Every structure is written in structure tokens, then in C-alpha cells.
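# Per-entry structural report
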Amino acid sequence: MDPFDAGAGGLLKQPKSVWATAGASVVAFMGIGLVDPILPSIAQGLDATASQVSLLFTSYFLITAVAMLVTGFVSSRIGGRRTLLLGLAFVVVFAGLAGTSGSVGELVGFRAGWGLGNALFVSTALAVIVGAAAGGSAAAILLYESALGLGMACGPLLGALLGDASWRYPFFGTAFLMAVGFLCIAVFLKEQPKPARKTSLLDPIKALGHGGLASAAVSAFFYNYTFFTVLAFTPFVLNMSPYRSGAVFFAWGVLLAVFSVIVAPRLQKRFGSLKVLGGSLVLLAADVLVLGYGSHTAAVVCTILSGAFIGVNNTVYTELALGVSDAPRPVASAGYNFVRWFAAAAAPFFAPKIEEWTDVHIPFVVAALTAIAGAAVVVVRRKALTLPQALDSARAGGTPTAEEPEPKHATEDGVTVFAN
């Protein structure tokens with residue numbers, strides 16, 4: 001079945017509840033790249049250094065990582081809908097407070113609260129979309145990745161448009177948009193059945209005992225360091241106005257969206273997930289090296305081009321995390337995200353520090369090495385990561401081979417899971 005088919009079960013034919021959740025997800029992902037074009041403006045407005053301002057990402061993702069252990073615990077007790085609304089409420093409050101910050105310390109603290117809300121929302125949104133979407137997990141994952149790509153593309157654009165007047169306005173704008181998302185979820189999404197078994201705080205950690213899921217998480221950890229070096233450190237290197245920086249990261253986000261939703265599935269169908277992932281990580285490593293050592297024009301081009309590789313990686317990693325183990329999807333997602341978001345917290349902190357200790361080129365050398373490390377994990381642990389090859393065939397409408405058994409479907413925690 002083609003997930004892009006507009007007929008019943010296609011990507012474009014989904015219930016209102018799915019579109020409401022996906023729409024709110026777009027705004028949630030906008031919040032990640034929102035500050036990109038205004039990082040220099042924030043530093044100037046609050047009299048802060050690049051490394052201090054980069055803590056906006058570190059606090060956000062550090063709290064997000066830790067909160068991943070809590071999301072399943074909360075959602076399995078109060079339900080997916082209430083968890084989404086709780087997360088959105090946190091974002092509305094803390095995004096609004098971020099706009100009132102009088103110091104970089106206050107702003108970093110409010111971003112941490114924002115990260116907690118985003119963790120509650122984002123981790124639950126994927127499970128809700130998978131559970132409510134027509135057309136199975138393939139259409140649901142593509143819809144989620146579409147929301148991610150669109151949000152990543154529009155975030156820098158919104159940040160540039162509003163931030164040109166004041167660095168505070170993008171935070172107020174996000175609070176407003178998330179309030180709209182809150183209303184959409186409240187109106188269109190009905191409460192889904194609570195799981196028969198409540199999730200404990202340790203379930204995501206226990207899920208990482210599965211070799212395939214642990215391998216996917218470790219590889220994604222290295223990859224995310226590279227990803228967020230590009231996202232959080234490059235704006236200081238480009239040193240452009242909010243409008244120009246926003247335009248660069250908008251183009252970056254468009255490539256991310258196109259390659260995650262359209263190109264990645266076709267590459268997976270032809271070459272298989274692991275070959276695509278390994279090759280994309282190596283190309284990303286080469287790209288960031290040129291970004292770090294090339295001219296300013298080359299840096300702009302490579303920043304935009306990195307969106308293509310990041311888009312492919314995001315799609316493949318999401319499918320690996322959700323399909324490689326027999327853990328319930330929300331639990332597997334929480335364990336996987338718990339590991340990988342620590343790298344998203346580390347990169348914005350260490351990249352400017354490495355520049356201070358050495359020079360502007362070395363942070364990109366480190367980012368290239370972490371991308372290669374992620375690819376090495378895929379190669380070394382390829383046997384543990386082979387189950388999703390069956391997922392490739394199922395998504396593409398093909399027939400799995402003898403080495404790629406037909407995945408069995410079971411319903412667990414209110415969503416569809418792949419059981420070995």
C-alpha cells in the first residue's frame with residue numbers, strides 16, 4: 001500500500017484528531033529551531049557569551065531527556081489526551097515566561113520548563129498518531145516526520161520574522177501558537193483507552209536491555225551530537241542577520257522535510273534501512289567537515305545540504321526505535337529518546353567550549369567524528385538491527401524474503417506494535 005495514496009488509509013486521508021495532533025506537533029518542533037536565527041540577538045540583548053546562550057539548547061534537551069522516563073509513567077495513568085494537554089500547557093506557560101526574561105539565567109531556566117512540556121507532548125504525540133491514524137504505522141510515521149520537517153523549517157523562519165523586531169517576540173509567538181494547538185487537541189482528540197498495564201519509571205531503561213534498541217539509541221546518540229552541533233553552533237559561525245540566518249535554516253528545514261518524507265522511504269525500499277542510514281551518516285560527516293573548513297559561502301551551502309542527510313537519518317532512526325524490539329512503542333520510544341537527547345544537550349554546550357579551547361574548525365571535526373561513530377555502530381551491530389528490514393518491505397508493499405520475516409502485528413498499550 002502506498003502511504004501517500006489519498007484514498008482510505010492514505011497519508012492525506014486521516015481523522016481530524018490525527019491532523020490536530022500533527023498540527024500541534026509542527027508547532028512543538030518549531031520551538032527547537034525557533035531560537036536559531038536569534039541566538040546572536042539574544043546574546044547581545046542579554047549581554048551573554050555564545051556558550052551561555054547555547055545553554056538554551058542544553059537545558060531544554062537535558063530536561064527533555066530525563067523527562068522521557070516520566071512520559072510513559074504519566075500517560076499510562078492519565079491517558080494520552082490529558083498528557084498532550086498537560087505538555088502543551090507547560091509549553092504555553094514557559095514559552096511566554098521566556099519572552100519576559102531579564103537575564104540569560106532566567107531564559108535558560110524557562111527553556112528547561114519548556115523542555116519538560118515538550119517531552120510530555122512529543123513522546124505522546126507519536127504514540128497517539130500511530131494509534132489513531134488510518135493506514136497503519138507507515139502512514140503514521142511519515143505524517144509524524146512531515147510534522148517534524150515542517151516544524152523544523154518554519155521555526156527559524158518564524159524566529160527571524162518576529163526576532164527582527166525583538167528577540168522576545170518569537171517566544172510570545174510560540175506561546176500563542178501552542179495555545180491554539182491546545183484548543184485543537186481539546187476539541188478534536190477524544191481520549192484513547194488507557195493501557196491495561198501501567199508503565200513504570202524503569203520500563204524505558206529495561207527496554208534498552210534489548211540489543212537492537214540499545215544499538216539504535218547509541219548510534220542515534222552520536223548522530224544527535226552532529227545534528228545539534230549544526231543546529232546550535234552554526235548560527236554563530238555564519239554570523240548573519242536574523243532574516244538571512246532564518247532563510248538559511250528555512251531552506252535547511254525544507255530539505256529535511258522533503259528527504260524525511262519523500263526521499264528516505266524510496267531509498268529504504270531500494271537499498272534497505274541500514275545501508276541508507278550508514279551511507280547518510282558518512283555523507284553528513286563529510287558535509288560538516290566542509291562546513292567547518294570551507295569559505296562562508298561553502299558553510300551556507302553545507303548547512304542547507306545537511307538538512308537532506310538529517311531528514312533521511314531522522315526517518316530511519318524513528319522506524320528503528322519503534323520496530324526493532326518487542327517493547328511497546330511508547331516504552332521503546334521513551335528509552336530511545338532518553339539516550340539520544342543527552343547528545344542534543346551536550347553538543348550546544350561543548351561546541352562553543354571546544355572553539356574557546358582550540359579554534360572554530362575543531363567543533364566540526366568532532367561533529368564529523370561522532371557521525372562516523374554512529375555509522376560504525378550501525379555496521380558493527382547490523383545483525384541486531386536487521387528486524388526493521390521486514391518493516392521496509394511491509395511499508396513498500398513488497399513481500400518479505402526468507403531473511404526478512406513478515407512482521408506480526410499485535411495491539412499493546414493502545415497502539416500497534418511489531419512483535420518478533
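Nothing here was measured: the structure is a model prediction, and the numbers come from that model.

Counting its regular elements, the protein contains 16 helices and two strands. When burial is assessed residue by residue, the protein has 58% of its 420 residues classed as buried. Restricting to contacts in the protein with at least 6 residues of sequence separation, those with at least 24 account for 84%. Carbon and sulfur atoms form 67% of the exposed surface of the protein, whose accessible area is close to 15600 Å².

Taken N-terminus to C-terminus, the directions of helix α13 (residues 296-323) and helix α14 (residues 329-357) make an angle of 125°; their axes are 8 Å apart at the nearest point. Between α13 and α14, the interaxial angle falls into the category oblique. Judged by the sense of rotation from one axis to the other, the crossing of α13 with α14 is right-handed. Mapping the contact onto sequence places Tyr317, Thr318, Ala321 and Leu322 in α13 and Arg329, Ala332, Ser333 and Tyr336 in α14. Classifying every residue of the contact of α13 with α14 by side-chain character gives five nonpolar, two polar and one charged.

To continue, consider the environment of Lys190. Within the element layout of this structure, Lys190 appears in the loop between α8 (169-188) and α9 (203-207). Expressed as a C-alpha distance, the spacing of Lys190 and Arg82, which sit 108 residues apart in the sequence, is 9.9 Å.

The next thing to look at is α8. For α8, spanning 20 residues, the distance from its first C-alpha to its last is 29 Å, which sits close to the expected 28 Å at 1.5 Å a residue. Listed in full, the buried residues belonging to α8 are Pro170, Phe171, Gly173, Thr174, Ala175, Met178, Gly181 and Ile185.

Moving on to the packing of aromatic side chains. Scanning all chains against the criterion turns up 18 aromatic pairs. Between Tyr60 and Trp114, the ring centres sit 6.2 Å apart and the planes meet at 80°, which makes this aromatic pair edge-to-face. Separated by 54 residues along the polypeptide, Tyr60 in helix α4 (residues 55-78) and Trp114 in helix α6 (residues 104-132) bring together distant segments of the chain. Using a relative accessible area of 0% as the deciding quantity, one classes Trp114 as buried. The cationic tip of Arg77 hangs over the ring face of Phe73; the distance from NZ or CZ to the ring centre is 3.7 Å. The ring of Tyr60 has Arg111 lying over it, and the distance from NZ or CZ to the ring centre is 4.2 Å.

Mapped onto the elements, Ser280 comes out in helix α12 (residues 273-293). Polar contacts involving the side chain of Ser280 include one to the side chain of Asn313, which spans 2.9 Å.

What follows is about helix α15 (residues 362-380). With 19 residues, α15 extends 27 Å between its outermost C-alpha atoms, agreeing within 8% with the 27 Å of an ideal straight helix rising 1.5 Å per residue. Taken together, the buried residues of α15 touch α10 (211-238), α12 and α14.

Let us look at the nonpolar core. Taken as a class, soluble globular proteins show a tendency for nonpolar side chains to be buried jointly. Membership of the largest hydrophobic core comes to 121 residues, with the highest contact counts inside it found for Ile42, Phe61, Phe171, Phe228, Leu231 and Trp252. Leaving out residues up to four positions away in the same chain, Phe171 has contacts with Leu34, Val35, Ile38, Ile42, Ala95, Gly96, Ala98, Gly99, Leu107, Arg111 and Trp114.

This part takes up the confidence of the model for the protein. Summarising the model, the protein shows a mean pLDDT of 82, and 86% of its residues fall at 70 or more. Taken element by element, the protein is modelled with least confidence in strand β2 (residues 415-419), mean pLDDT 31, and with most confidence in α15, mean pLDDT 97.

With that settled, the discussion passes to unusual backbone geometry. Positive phi, normally seen in glycine, also occurs at Asp47, with a value near 55°. Here Asp47 is to be found in the loop between α2 (39-45) and α3 (50-53). For Asp47, a relative accessible area of 73% gives the class exposed. The phi torsion at Asn239 lies on the positive side, around 50°, for a residue other than glycine. Residue position: Asn239 is located in the loop between α10 and α11 (242-271).

About the thresholds
- Residues numbered from 1 in each chain as written.
- Predicted model: local features only at pLDDT ≥ 70, side-chain atom pairs only at ≥ 80, totals over all residues.
- Heavy atoms only, no water.
- Helix = DSSP H or I, 4+ residues; strand = E, 2+ residues; numbered from the N terminus.
- Buried < 20%, exposed > 50% of the residue type's maximum accessible area, 1.4 Å probe, protein only.
- Contact = heavy atoms within 4.5 Å.
- Areas by Shrake-Rupley, 256 points an atom, 1.4 Å probe, with all protein chains shown as cover.
- Axes fitted to C-alpha atoms, helices over the stretch in contact; angles between N-to-C directions.
- Parallel < 35°, antiparallel > 145°, perpendicular 65-115°, else oblique.
- Left-handed = near helix turned anticlockwise from the far one by under 90°.
- Nonpolar A, V, L, I, M, F, W, Y, C, P; charged D, E, K, R; others polar.
- Expected span 1.5 Å × (residues − 1).
- Phe/Tyr/Trp six-rings, centres within 6.5 Å; stacked < 30°, edge-to-face > 60°.
- Lys NZ or Arg CZ within 6 Å of the ring centre and 35° of its normal.
- Polar contact = N/O pair within 3.5 Å; in protein donor to acceptor, adjacent residues only side chain to side chain.
- Core = buried A, V, L, I, M, F, W, Y, C linked by side-chain atoms within 4.5 Å.
- pLDDT = per-residue confidence, 0-100.

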